[in-house]
Amino acid sequence: MESITSVNNPQVKAAANLKNKKFRTETGTFVAEGLRAVREAIAYGRVESLFVTEDEAECLGDWLDKAASQGTRLYRVDGKVMTRLSDTKTPQGVLAVAAMPRTGLADLRPGPEDPEAPVVILDRIQDPGNLGTIIRTADAAGALAVLLLEGCVDAYSPKVVRATMGSLFHLPLVQHLAAEEVLSWCAREGYHTVATCLDGARDLYKTELPGRDAFILGNEANGVAPALQQAAEERIFIPMAGRAESMNVAMAAGVLLFEALRRRRYGRR
């Protein structure tokens, strides 16, 4: 393992640049920070380089050997270098540079273990925490994929990656999609499009969902775009008993996805 003590080291500068979307796009790589995220990256992703402090190297243990066996470049760094690399005020001592998966719509196929696994379609989601939580929730609920329409926050930004808690490495994400492209894919693959909205919508708990549902969730302030609402085969709302005017989009995604999971496992009613 090579030791680095200079913040001006070329490898350090290249990894630090990945805080910027421009460099992530140019290199096709992104940063995952923290023990859990790095372990998931080693297990399920492709890690190009790994930076670790002395203390955290002991915590990683055999994971370092596994990363090295996969061709990952390993660097031992001090606290000063880790601070330069990290996007957080309190660096976690281990950071990986991972390759972005090259997944497209054509690669998405439900597996035999859950042929009705839903997909999540996101329209102009802006908050990194919301996107990361939706990805984590979709993973937990057994979704096939998360599809990001044009105008969404970058799924590989450090804040989103942290919020996914490693789920980013478990299920496919496809970014920068046109709405027409996604709707055409849904039609070809037999997915039933369901938009969340209020006008002309039906109560989720009184609505039959046929399976292979594609849930469309929209921008935090403005919801799903009107054109997408009209194009969807079904429009639903989540009933609320209290006085809140609306529900956080990540929470709404959780309600929808776990209601769909309940119906897949225990019946449609």
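Calculation rules
Residue positions are given per chain, counted from 1 along the sequence in the order it is written. With the structure being a predicted model, the display of local features is reserved for residues of pLDDT at least 70 and the display and counting of side-chain atom pairs for 80 or more, all residues being used for whole-chain, interface and lining totals. Note: side-chain values were computed over all heavy atoms of the structure, leaving out hydrogens and water. Runs of H or I in DSSP of at least four residues are treated as helices and runs of E of at least two as strands, each being numbered from the N terminus. The buried label goes to any residue with under 20% of its type's maximum accessible area, the exposed label to any with over 50%, and the partly exposed label to all in between, with areas taken from a 1.4 Å probe on protein chains only. Contacts between residues were defined by any pair of non-hydrogen atoms, one from each residue, lying within 4.5 Å. What sets the accessible areas is the Shrake-Rupley method with a 1.4 Å probe; for residues, cover comes only from the shown protein chains. Positive charges come from Lys and Arg, negative ones from Asp and Glu, while His and the chain ends are left out of the count. Charge positions come from single atoms, namely NZ of Lys, CZ of Arg, CG of Asp or CD of Glu. Each axis is a line fitted through C-alpha atoms, taken for helices only over the stretch in contact, and angles between the N-to-C directions span 0 to 180 degrees. Roughly parallel refers to an angle under 35 degrees, roughly antiparallel to one over 145, roughly perpendicular to one between 65 and 115, and oblique to any angle outside these ranges. Think of it as three bins: nonpolar holds Ala, Val, Leu, Ile, Met, Phe, Trp, Tyr, Cys and Pro, charged holds Asp, Glu, Lys and Arg, and polar takes everything else, Gly as well. Picture the helix axis, draw a direction to every C-beta atom, and the arc is the one those directions span. Nonpolar cores were defined as sets of buried Ala, Val, Leu, Ile, Met, Phe, Trp, Tyr and Cys residues, with membership established by side-chain atoms within 4.5 Å. Here, patches come from residues exposed beyond 30% relative accessible area and free of salt bridges, joined within 9 Å for like charges and within 5 Å for nonpolar side chains (Val, Leu, Ile, Met, Phe, Trp, Tyr). What counts as a salt bridge is simple: a side-chain nitrogen of Lys or Arg found within 4 Å of a carboxyl oxygen of Asp or Glu. By this definition, two strands are paired if DSSP reports at least two bridges between them.

> Residue-level account of the overall build of the chain, with values.
From N to C terminus, the chain includes eleven helices and twelve strands. Projected onto its principal axes, the C-alpha positions of the chain cover 60 × 40 × 35 Å. Counting over 269 residues, the chain shows a buried share of 51%. Long-range contacts, defined here as pairs at least 24 residues apart, represent 78% of the contacts in the chain between residues at least 6 apart. Within the structure as shown, the chain displays about 13,100 Å² of accessible surface, and the carbon and sulfur contribution to it stands at 48%. Positive and negative charge centroids in the chain, built from 32 and 34 side chains respectively, lie 2 Å apart.

> For the packing of helix 7 (residues 128-140) against helix 11 (residues 249-266), give the residues involved together with the corresponding values.
How two helices sit against one another is set out by the angle between their axes and by the gap between those axes. Between helix 7 and helix 11, the shortest axis-to-axis distance is 9 Å and the interhelical angle comes to 10°. Classified by the interaxial angle, the pair formed by helix 7 and helix 11 is roughly parallel. Residues Asn 130, Thr 133, Ile 134, Thr 137, Ala 138 and Ala 140 of helix 7 form the contact with helix 11, whose own contacting residues are Val 249, Ala 250, Ala 253, Gly 254, Leu 257 and Phe 258. Among the residues forming the contact of helix 7 with helix 11, the class breakdown is eight nonpolar, four polar and no charged.

> Talk me through helix 9 (residues 179-189); I want residue IDs and the actual numbers.
A turn of α-helix holds 3.6 residues, and therefore any two residues three or four places apart point the same way. Within the span of helix 9, buried status applies to Val 182, Trp 185, Cys 186 and Glu 189. Each buried residue of helix 9 sits inside an arc of 100° when the element is viewed along its axis, so together they form one side. Turned more than 90 degrees away from the buried face of helix 9, the exposed residues are Glu 180, Ala 187 and Arg 188. Looking at the buried side of helix 9, the elements it contacts are strand 6 (119-123), strand 7 (145-149), strand 8 (173-177), strand 9 (192-196) and strand 11 (213-218). Positioned one or two residues after helix 9, Gly 190 has a phi angle of 75°, which is positive.

> Report on unusual backbone geometry, specifying residues and quantitative values.
With a phi angle near 60°, Arg 124 is a residue other than glycine that sits in the positive phi range. When you line up the elements, Arg 124 lands in the loop between strand 6 and helix 7.

> Report on the nonpolar core, specifying residues and quantitative values.
Grouped together as the largest cluster of nonpolar side chains are 53 residues, with contacts concentrated most on Leu 50, Leu 122, Leu 131, Val 146 and Leu 217. Per-element tally for this core: the top contributor is helix 11, with seven residues. When neighbours within four sequence positions are excluded, Leu 122 is seen to be in contact with Leu 131, Ile 134, Val 146, Leu 147, Leu 148, Leu 149, Cys 152 and Leu 217.

> Requested: an account of a nonpolar patch on the surface, with residues and values cited.
The grouping of Met 240, Met 247 and Met 251 at the surface amounts to a nonpolar patch, some 270 Å² of accessible area in total. Following the sequence through the fold, Met 240 ends up in the loop between strand 12 (234-237) and helix 11. By relative accessible area, which is 38% here, Met 240 ends up partly exposed.

> Tell me about the sheet that holds strand 5 (residues 94-99), residues and numbers included.
As summarised here, the arrangement of the five strands in space is 1-4-3-5-2, forming an open sheet in which the pairing is mixed. Whereas interior strands pair on both sides, the edge strands pair on one side only; in this sheet they are strand 1 (2-4) and strand 2 (29-33). Averaged over all adjacent pairs, the angle separating strand axes in this sheet is 25°, with direction ignored. Both strand 1 and strand 4 (residues 73-77) contribute to a ladder of three bridges, which runs parallel. Opposite Ile 4, over in strand 4, you have Val 77 as the bridge partner.

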